[in-house]
Amino acid sequence: VFLIVIIAQAAITLFSLITLPVEFDASNRALIWLNQSGVTRGAEHEAATSALNWAAMTYVVSALAAVSTLLYYVMSFLGSRD
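Quick caveat, the model's predicted, so the values are computed rather than measured. Going along each chain's sequence as written, the residues are numbered from 1 onward. Local features in this predicted model are restricted to residues of pLDDT 70 or higher, and side-chain atom pairs are both shown and tallied only at a pLDDT of 80 or more, whereas totals for entire chains, interfaces and linings draw on every residue. Where side-chain values are given, they derive from all heavy atoms of the structure, hydrogens and water being excluded.

A. Summary view of the overall build of the protein chain. Only DSSP runs of H or I with at least four residues qualify as helices, and only runs of E with at least two residues qualify as strands; both kinds are numbered from the N terminus onward. When helices and strands are counted, the protein chain shows two helices and zero strands. Taking 82 residues into account, the globule formula puts the C-alpha radius of gyration at 12 Å, and the protein chain, at 19 Å, lies well above it. Counting only C-alpha atoms, the protein chain reaches 65 × 20 × 15 Å along its principal axes. We call a residue buried when its accessible area falls under 20% of the maximum for its residue type, exposed when it is over 50%, and partly exposed in between, using a 1.4 Å probe and counting protein chains only. Every one of the 82 residues in the protein chain was classed for burial, and the buried ones make up 20%. Contacts between residues were defined by any pair of non-hydrogen atoms, one from each residue, lying within 4.5 Å. Sequence-distant contacts, at least 24 apart, represent 74% of the contacts inside the protein chain between residues at least 6 apart. Each accessible area is a Shrake-Rupley result for a 1.4 Å probe, and residues are judged covered by the shown protein chains and nothing else. Working note: accessible area of the protein chain is about 5900 Å², and carbon and sulfur atoms make up 70% of it. Put simply, the radius of gyration uses C-alpha atoms, and a globule should come to 2.2 Å times the residue count raised to 0.38.

Structure below.
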């Protein structure tokens, strides 16, 4: 059963790592749109830019969490094989 959990976590980790560039691209496209459309100006534009950058960073944290959880499960599995 534990091996099934490791395989499932590996799939989650892979998905998280594959979608990471897609999320960064989405934030970059949104920034380009904001710059070209003129919807935001001044301090509002800076705040929107910051929010989009931090939104992209949440996916980095999610990917790191997935990797660390996978490593934890693998290490636990290997350590319990005595």
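Moving on from the coordinates now.
B. Structural view of helix α1 (residues 2-37). For α1, spanning 36 residues, the distance from its first C-alpha to its last is 51 Å, which sits close to the expected 52 Å at 1.5 Å a residue. By the largest-angle criterion, Leu20 marks the main kink of α1, which is about 35°, and a proline, Pro21, follows within four residues. For α1, the elements touching its buried residues are α2 (42-79). Backbone geometry just after α1 places Gly38 at a positive phi near 75°. Expected span of a helix, by definition, is 1.5 Å for each gap between consecutive residues, and there is one gap fewer than residues. Bend is computed residue by residue as the angle between axes fitted to the seven residues ending at the residue and the seven residues starting at it.

C. The environment of Ser27, seen in detail. Note that Ser27 resides in helix α1. Classification of Ser27 by relative accessible area gives buried; the value is 8%. C-alpha of Ser27 to C-alpha of Ala43: the two residues are 16 residues apart in sequence and 19 Å apart in space. Within 3.5 Å is the distance limit for a polar contact, defined as a pair of N or O atoms, with the added protein rule that one can donate a hydrogen and the other accept it, and that residues adjacent in sequence qualify only through two side-chain atoms. Polar contacts involving the side chain of Ser27 include one to the main-chain carbonyl oxygen of Leu52, which spans 3.3 Å.

D. Representation of the packing of aromatic side chains in the model. Paired rings are identified among Phe, Tyr and Trp, the last through its six-membered ring, by centres lying within 6.5 Å, and are further divided according to the angle between planes into stacked (under 30 degrees), edge-to-face (over 60) and tilted (the rest). A full pass over the atoms with the stated rule returns three aromatic pairs. Judged by centre distance (6.0 Å) and plane angle (70°), the ring pair of Phe2 and Tyr73 falls under edge-to-face. Taken together, the residues span a long stretch of sequence, with Phe2 in helix α1 and Tyr73 in helix α2 at a distance of 71 residues. Taking relative accessible area as the criterion, Phe2 reaches 32% and is therefore assigned partly exposed.

E. Layout of the packing of α1 against α2. Lines are fitted to the C-alpha atoms to define the axes, a helix being fitted only along its stretch in contact, and any angle between axes, read from their N-to-C directions, falls within 0 to 180 degrees. Running from amino to carboxyl end, α1 crosses α2 at an angle of 165°, the nearest separation of the two axes being 9 Å. Considering the angle they form, α1 stands roughly antiparallel to α2. As for the relative orientation of α1 and α2, their crossing is left-handed in sense. Side-chain classes follow a simple rule in which Ala, Val, Leu, Ile, Met, Phe, Trp, Tyr, Cys and Pro form the nonpolar group, Asp, Glu, Lys and Arg form the charged group, and the remainder, Gly included, forms the polar group. Tallied by class, the residues present in the contact of α1 with α2 amount to 24 nonpolar, 11 polar and one charged. Oblique is the label for any angle not covered by the other classes, which are roughly parallel (under 35 degrees), roughly antiparallel (over 145) and roughly perpendicular (65 to 115). Put simply, a crossing is left-handed when the front helix is turned counterclockwise from the back one by less than a right angle, and right-handed when it is turned clockwise.

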